[in-house]
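Notes for the structure review
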Amino acid sequence: MLVNMTDILRKSREGKYGVVAPNICNEDSARAAIEVAEEKRAPVILDLIFNVSPDIPLLASLVRKMAEKATVPVALNLDHGATFEHAIIAIRSGFSSIMVDRSSLPYEENVAEVAQLVKIAHAVGVSVEAELGHVGSGENYDVDRNAGLTDPAQARDYVERTGVDALAVAIGTAHGKYVGTPHLDFDLLDAIYREVEVPLVLHGGSGSGDENLARATRSGITKVNIGTDLFQAGIDNLLAHHGELKRAHLGYALMAEGYKAKLAHYMELFGQCGKA
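First, a word on what this report is: a plain description of the structure on this page. (Residues numbered from 1 in each chain as written. Predicted model: local features only at pLDDT ≥ 70, side-chain atom pairs only at ≥ 80, totals over all residues. Heavy atoms only, no water.)

Remarks on the overall build of the protein chain
Selection criterion: Under the DSSP-based scheme used, a helix requires at least four consecutive residues in state H or I and a strand at least two consecutive residues in state E, with every element numbered from the N terminus. Between the two quantities, the radius of gyration covers C-alpha atoms and the globule rule is 2.2 Å times the number of residues to the power 0.38. Only protein chains enter the accessibility calculation, which uses a 1.4 Å probe. A residue is then buried if its area is under 20% of the maximum for its type, exposed if over 50%, and partly exposed in between. Any two residues whose heavy atoms approach within 4.5 Å at even a single point are treated as in contact.
In terms of regular secondary structure, the protein chain is built from eleven helices and eight strands. In terms of overall size, the protein chain behaves like a compact globule, its C-alpha atoms giving a radius of gyration of 18 Å where 276 residues would be expected to give roughly 19 Å. By its C-alpha atoms, the protein chain is 55 × 40 × 35 Å across when sized along the principal axes. Split into buried and exposed, the 276 residues of the protein chain put 55% on the buried side. Counting only contacts in the protein chain whose residues sit at least 6 apart along the sequence, the fraction spanning at least 24 positions is 73%.

Description of the sheet that holds strand β5 (residues 127-132)
Worth spelling out the cut-off: A pair of strands is considered paired only if DSSP assigns at least 2 bridges between the two. Angular values range over 0 to 180 degrees, each being the angle between N-to-C directions of two axes fitted as lines to C-alpha atoms, with helices fitted over their stretch in contact.
Across the sheet, eight strands lie side by side as β1-β8-β7-β6-β5-β4-β3-β2; this open sheet has parallel pairing. With one partner strand each, in any of the chains shown, β1 (19-22) and β2 (44-48) form the two edges of the open sheet. The average undirected angle you get between the axes of adjacent strands in this sheet is 25°. Pairing of β2 with strand β3 (residues 74-81) involves five bridges; the strand directions are parallel. Following the sheet pairing, Leu-48 is matched in β3 by Leu-78.

What about a nonpolar patch on the surface?
We apply this condition: Only residues whose relative accessible area exceeds 30% and that form no salt bridge enter a patch; like-charged residues are grouped when within 9 Å of one another, and nonpolar side chains (Val, Leu, Ile, Met, Phe, Trp, Tyr) when within 5 Å. Accessible areas in this description were obtained via Shrake-Rupley with a 1.4 Å probe; residue shielding takes into account the shown protein chains only. Salt bridges are defined as contacts in which a side-chain nitrogen from Lys or Arg sits within 4 Å of a carboxyl oxygen from Asp or Glu.
Residues Ile-235, Leu-239 and Met-255 make up a contiguous nonpolar surface patch of roughly 250 Å² in combined accessible area. Following the sequence through the fold, Ile-235 ends up in helix α10 (residues 228-240). Given the relative accessible area of 35%, Ile-235 is considered partly exposed.

A short note on the packing of aromatic side chains
Basically, it comes down to this: Here the aromatic set is Phe, Tyr and Trp, taking the six-membered ring for Trp, and pairing holds for ring centres within 6.5 Å; pairs whose planes are under 30 degrees apart are stacked, those over 60 apart are edge-to-face, and all others are tilted. Two conditions define a charge sitting above a ring: the NZ of Lys or the CZ of Arg must be within 6 Å of the ring centre, and it must be within 35 degrees of the ring normal.
Within this structure, the stated rule accounts for three aromatic pairs. Taking the centre distance of 6.1 Å and the plane angle of 45° together, the rings of Tyr-107 and Tyr-158 count as tilted. Placement of Tyr-107 in helix α5 (residues 107-123) and of Tyr-158 in helix α7 (residues 152-162) is noted, with a sequence separation of 51 residues between them. Of the two residues, Tyr-107 and Tyr-158, both sit in the buried class. Its guanidinium or amino end placed over the ring of Tyr-17, Lys-275 lies 5.0 Å from that ring's centre, counting from NZ or CZ.

Overview of the pattern of salt bridges
A full pass over the atoms with the stated rule returns twelve salt bridges. Where Glu-113 meets Arg-102, a salt bridge forms, and the shortest distance between an N and an O atom there is 2.7 Å. Highlighted residues: Glu-113 in helix α5 and Arg-102 in the loop between β4 (97-100) and α5, separated in sequence by eleven residues. Judged by its relative accessible area of 32%, Glu-113 falls in the partly exposed class. Here Glu-129 ties to Lys-223 by a salt bridge, and the two come within 2.9 Å at their closest N and O atoms. Linking Glu-129 in strand β5 with Lys-223 in strand β8 (residues 221-226), this pair joins segments that are 94 residues apart in sequence. As far as the burial class goes, Glu-129 and Lys-223 line up, both buried. Among the charged side chains, a salt-bridge network with shared partners connects Glu-35, Glu-39 and Lys-260.

Focus: the packing of α5 against α7
For clarity, the threshold we go by: Crossing chirality is assigned from the near helix's rotation relative to the far helix, an anticlockwise turn below a right angle marking it left-handed and a clockwise turn marking it right-handed.
The N-to-C vectors of α5 and α7 enclose an angle of 35°; their axes lie 9 Å apart at closest approach. Along this stretch, α5 crosses α7, giving a crossing that reads as right-handed. Note on element contacts: α7 touches α5 through Gln-154, Asp-157, Tyr-158, Arg-161 and Thr-162, opposite Tyr-107, Glu-108, Asn-110, Val-111, Val-114, Ala-115 and Val-118.

Remarks on the pairing of β3
Convention followed: A clockwise path from the first strand over the helix to the second, with the strands pointing away from the viewer, defines a right-handed crossover.
For β3, a buried count of eight out of eight residues is recorded, marking the element as mostly surrounded by other parts of the structure. Remark: the β2/helix α3 (residues 56-69)/β3 crossover connection has right-handed handedness. Where β3 lies against β4, three bridges are found, and the strand directions are parallel. Bridging across to β4, Asn-77 finds its partner in Ser-97. In the classification by handedness, the crossover that spans β3, the intervening helix α4 (residues 84-92) and the parallel β4 is right-handed.

A few points about the nonpolar core
Counted only if it meets this: Residues grouped as a nonpolar core are buried Ala, Val, Leu, Ile, Met, Phe, Trp, Tyr and Cys residues, joined through side-chain atoms within 4.5 Å.
Of all hydrophobic cores here, the largest spans 69 residues; its most connected members are Leu-46, Ile-98 and Leu-167. Beyond its immediate chain neighbours, meaning those up to four positions away, Leu-167 contacts Ala-130, Leu-132, Ala-155, Tyr-158, Val-159, Val-198, Pro-199, Leu-200 and Val-201.

Brief notes about unusual backbone geometry
The phi dihedral of Arg-41 falls on the positive side, at around 50°, and the residue is not glycine. In this structure, Arg-41 sits in the loop between α2 (27-40) and β2. Accessibility expressed as a relative area gives 38% for Arg-41, which makes it partly exposed. The backbone phi angle of His-80 is positive, close to 50°, even though this residue is not glycine.

Right, here's the structure in full:
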């Protein structure tokens, strides 16, 4: 069933478990994610970013129909919505949640732009995630990690002034593959958790380490974005069985198989299985 992302995350916060938000890019990855969620009886949040498809409304329409038929709660979330137009297109295309990413803007501009889109989204029953601090690139981890960490006191002000439903925080993770060893600041996470009451989101889950991620979900993180690890698992499975390929379409099946196995691992790790 297609649901508002807030419905999933409120239960996650109350139950002190995490929910994986796998990045999807096409029908195959969306179908794979929903299949795993149904097998594990777990809620799932499908993250879809604009640059993966030349026709987001068309892809969103397909994914929405798949979510509506699912036997577990499924949210469709715009990941890293970079412009006002992206947000509006996502809302009109049937996304049940949007992320408004203004984390690279000065604080007051971030607040103003997010608050504007919160009013619009809430008017039509769509939830909003936004980011305070800035989760940078794993390729530039030595610089990005410390440059964008979230300030707990500012987080409280931000949530109150914007009205967001979920807050993505920067506590030491990075997008993509790390160059260096990830170091998550759990004292900072504890401080943020004490300051705000909305569900907290962790971007840059791939490569951050199972122990770190499991601890994060026990310490207040309700949503963990995973992309690189899932797609890499799909590629690895394809390469491991390339000799068995007799038809081109079997390659998609092998990639989906690897993607699903890795996603199932994270669902178990975050404690969301059986929570549908």
